[in-house]
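Residues per chain are reported as follows:
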Amino acid sequence: MTTPLIAGNWKMNGLAADLGQARALAAGIGAASPSARVVLCPPATLLARMADVLSGTLVLLGGQDCHDQPSGAFTGDISAEMLVDAGASMVIVGHSERRAAYGETDAKVAAKALAARRAGLEPIICVGESRAERDAGRAIEVICGQVAGCVASALAAGPFAIAYEPIWAIGAGLTPTPAEIAEAHAALRCALIDCAGEQGAAAPILYGGSVKSENAAEILAIAEVGGALVGGASLKAADFLAIVSVA
Ligand code: PGA
């Protein structure tokens, strides 16, 4: 079985004063030596300093997004190579907040995932349906279509992860039922094997959307749930450690 992956997405939160949370997380994980891999994805401004904080610890560093080109005239953007240079080993691509705010298509997300691979980063590729799509009975069709559009066969050459994040669950205090999560993850596994063969069979499928210490154990016990992508509850070391400890 693939080692579970617990990823913390700080989104646009975190100043230098919050690096103590990363320090506390690393200390807690060092003491507990959990069975999961753990990665923190801070805003870009904190990457290099957090790399220093996490150096020599069990906590990995990740970016929240990357451009698909290695360098060039792209004001405000950051390349996968730059993330590696700052000390990252993973990157989130295709988060629904970026799809919604920046119009990122599946083709764009696929290009970013391949850029991550080119630079030697492990991409965490996000998919998820809207409330309207779920209510219309289209959730499985939508998320499997996103996998088909975002997971290029070239990704099959190395490790990557998928995060299933229903848009309506993110930051909402709502989660799908365990049966709905199980159905989605089983369908995603089939879609991944179709797109990426053996690597698709091995890729962890994280669940994301209002994961908290109170619901983490139940969610992580569901078949084919290979970890969690955690937003709000990753900002405080104690909350995040409580999730990691049940993985
Ligand atoms: P949340 O965010 O845990 O705050 O719901 C998850 C995410 O958007 O990755």
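Residues numbered from 1 in each chain as written. Predicted model: local features only at pLDDT ≥ 70, side-chain atom pairs only at ≥ 80, totals over all residues. Heavy atoms only, no water.

Draft legend 1. How the structure looks around the overall build of the protein. A tally of helices and strands in the protein yields 10 helices and eight strands. Here the C-alpha atoms of the protein give a radius of gyration of 17 Å, agreeing with the 18 Å that 2.2 N^0.38 yields for 247 residues. Counting only C-alpha atoms and orienting by the principal axes, one finds that the protein spans roughly 45 × 45 × 30 Å. Looking at the protein as a whole, 49% of its 247 residues are labelled buried. For the protein, the proportion of contacts with a sequence separation of at least 24, taken over those separated by at least 6, is 72%. On the protein, roughly 10200 Å² of surface is accessible, and the fraction owed to carbon and sulfur atoms is 57%. Across the protein, the mean location of the 16 positive side-chain charges is 4 Å away from that of the 24 negative side-chain charges. (Helix = DSSP H or I, 4+ residues; strand = E, 2+ residues; numbered from the N terminus. Rg over C-alpha atoms; globule rule 2.2 N^0.38 Å. Buried < 20%, exposed > 50% of the residue type's maximum accessible area, 1.4 Å probe, protein only. Contact = heavy atoms within 4.5 Å. Areas by Shrake-Rupley, 256 points an atom, 1.4 Å probe, with all protein chains shown as cover. Lys, Arg positive; Asp, Glu negative; His and termini not counted. Charge placed at Lys NZ, Arg CZ, Asp CG, Glu CD.)

Draft legend 2. Region of the structure containing the packing of helix α5 (residues 106-119) against helix α7 (residues 139-150). Taken N-terminus to C-terminus, the directions of α5 and α7 make an angle of 50°; their axes are 8 Å apart at the nearest point. Viewed along their axes, α5 and α7 adopt a mutual orientation that is oblique. Between α5 and α7 the crossing geometry is right-handed. Contacts between α5 and α7 pair D106, A107, V109, A110 and A113 from the former with G145, Q146, G149 and C150 from the latter. (Axes fitted to C-alpha atoms, helices over the stretch in contact; angles between N-to-C directions. Parallel < 35°, antiparallel > 145°, perpendicular 65-115°, else oblique. Left-handed = near helix turned anticlockwise from the far one by under 90°.)

Draft legend 3. Focus on the site of the ligand. In the vicinity of the ligand, the residues found are N9, K11, H95, E165, I170, G171, G209, S210, L229, V230, G231 and G232. Here K11 contributes a side-chain N or O atom positioned 2.7 Å from an oxygen atom of the ligand. With respect to the ligand, the backbone of G171 contributes an N or O atom lying 2.6 Å from an oxygen atom. Its residues assigned to classes, the shell around the ligand comprises three nonpolar, seven polar and two charged. (Near = heavy atom within 4 Å. Polar contact = N/O pair within 3.5 Å; in protein donor to acceptor, adjacent residues only side chain to side chain. Nonpolar A, V, L, I, M, F, W, Y, C, P; charged D, E, K, R; others polar.)

Draft legend 4. Seen up close, the sheet that holds strand β6 (residues 161-164). The strand order around the closed barrel formed by eight strands is β1-β2-β3-β4-β5-β6-β7-β8, and the pairing between neighbours is parallel. Each adjacent strand pair in this sheet contributes to an overall mean axis angle of 25°, direction not counted. Sheet topology note: the strand β3 (residues 59-63)/strand β4 (residues 90-93) ladder contains two bridges and is parallel. Following the sheet pairing, G63 is matched in β4 by V91. (Pairing = 2+ DSSP bridges.)

Draft legend 5. Representation of α7 in the model. Compared with an ideal rise of 1.5 Å per residue, which puts 12 residues at 16 Å, α7 spans 16 Å between its outermost C-alpha atoms and is within 8% of the ideal. Among the residues of α7, those classed as buried are A139, V142, I143, C144, Q146, V147 and C150. Buried-residue contacts for α7 involve α4 (96-102), α5, β5 (122-127), α6 (131-135), β6 and α8 (178-202). (Expected span 1.5 Å × (residues − 1).)

Draft legend 6. Looking closely at the pairing of strand β8 (residues 227-230). Going residue by residue along β8, you find G227 and L229 tucked away on one face and A228 and V230 tucked away on the opposite face as well. Relative to β8, strand β1 (residues 5-9) is paired through four bridges, and the arrangement is parallel. Across the sheet, residue I6 finds its bridge partner in β8, namely A228. Sheet analysis places strand β7 (residues 205-208) next to β8, joined by two bridges and oriented parallel. Pairing of Y207 across the sheet is with A228, part of β8. With respect to chirality, the unit in which β7 leads through helix α9 (residues 213-220) into the neighbouring parallel β8 is right-handed. (Right-handed = clockwise from strand over helix to strand, strands pointing away.)

Draft legend 7. Seen up close, the pattern of salt bridges. Applying the stated criterion across every chain, the model contains 14 salt bridges. Between E122 and R37 there is a salt bridge, with its nearest N and O atoms 2.9 Å apart. Linking E122 in strand β5 with R37 in strand β2 (residues 37-41), this pair joins segments that are 85 residues apart in sequence. For E122, a relative accessible area of 11% translates into the label buried. By relative accessible area, which is 27% here, R37 ends up partly exposed. Put simply, R134 and E129 hold a salt bridge, and the shortest N to O gap is 2.7 Å. By relative accessible area, R134 is classed as buried at 13%. The class for E129 is buried, based on a relative accessible area of 0%. (Salt bridge = Lys/Arg side-chain N within 4 Å of Asp/Glu carboxyl O.)

Draft legend 8. Region of interest: the pairing of β5. Of all six residues that make up β5, six are buried, and the element is covered over most of its length. Taking every second residue as pointing to the same face, both faces of β5 are buried, with E122, I124 and C126 on one and P123, I125 and V127 on the other. The pairing of β4 with β5 spans four bridges and is parallel. Among the inter-strand pairings, V93 is bridged to a residue of β5, identified as I125. Inspection of the sheet shows β5 paired to β6 by four bridges, in the parallel sense. Directly across from I125, in β6, lies its bridge partner I162.

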